[in-house]
Amino acid sequence: MKKLSVKGLAIGLGTSWAIYMLFAGWASMFGWCTKFVEMMSSIYVGFNSTFLGGIIGAIWGFVDGAIGGLLIATVYNAVTKREE
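Residues numbered from 1 in each chain as written. Predicted model: local features only at pLDDT ≥ 70, side-chain atom pairs only at ≥ 80, totals over all residues. Heavy atoms only, no water.

Visitor: So, the packing of helix α1 (residues 6–27) against helix α3 (residues 51–79): which residues are in play, and what are the values?
Guide: It is the contact of α1 with α3, at a shortest axis distance of 6 Å, that shows an interaxial angle of 150°. Compared by their axis directions, α1 and α3 come out roughly antiparallel. The crossing of α1 and α3 is right-handed. Tallied by class, residues from the contact of α1 with α3 come to 18 nonpolar, 11 polar and one charged. (Axes fitted to C-alpha atoms, helices over the stretch in contact; angles between N-to-C directions. Helix = DSSP H or I, 4+ residues; strand = E, 2+ residues; numbered from the N terminus. Parallel < 35°, antiparallel > 145°, perpendicular 65-115°, else oblique. Left-handed = near helix turned anticlockwise from the far one by under 90°. Nonpolar A, V, L, I, M, F, W, Y, C, P; charged D, E, K, R; others polar.)

Visitor: How would you sum up the packing of aromatic side chains? Please name residues and give values.
Guide: Tallied over the entire structure, the rule returns six aromatic pairs. Relative to F36, the ring of Y20 has its centre 5.4 Å away and its plane inclined at 70°; by these criteria the two rings are edge-to-face. In this pair, Y20 sits in helix α1 while F36 sits in helix α2 (residues 34–41), placing the two residues 16 residues apart along the sequence. The partly exposed category is assigned to Y20, whose relative accessible area is 35%. Summarising the aromatic geometry, the rings of Y44 and W60 are spaced 6.0 Å apart at their centres and angled 5° between planes, so their arrangement reads as stacked. Here Y44 is found in the loop between α2 and α3, whereas its partner W60 is found in helix α3, with 16 residues between them in sequence. W60 gets classed as partly exposed once you look at its relative accessible area, which sits at 36%. Among the aromatic side chains, those forming a connected cluster through ring pairs are W17, Y20 and F36. (Phe/Tyr/Trp six-rings, centres within 6.5 Å; stacked < 30°, edge-to-face > 60°. Buried < 20%, exposed > 50% of the residue type's maximum accessible area, 1.4 Å probe, protein only.)

Visitor: Give a description of the side chain of S28 that names residues and reports values.
Guide: Structurally, the position occupied by S28 is in the loop between α1 and α2. Among the residues examined, S28 registers a relative accessible area of 6% and is labelled buried. A distance of 2.7 Å separates a polar atom in the side chain of S28 from a polar atom in the side chain of S49. Contacts of S28, omitting those with residues within four sequence positions, involve C33, T34, V37 and S49. (Polar contact = N/O pair within 3.5 Å; in protein donor to acceptor, adjacent residues only side chain to side chain. Contact = heavy atoms within 4.5 Å.)

Here's what the structure looks like:
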């Protein structure tokens, strides 16, 4: 199997999670995703149901998703057989 791009997966997951957190933060201003935002605001400092809170959540989401992508790709590359 081929190796995963660690940088590519980190940026991809980071971006995906950031977009989701931004959408969730802004949607919660209108009553949607409120429980999710309440739960995640206990982890992501500054994330809440405001315009700025959504942007802060997106920044935290990018960092969190990028770390997750980095870990997933690193572990995957370590346990799969390399294609020669």
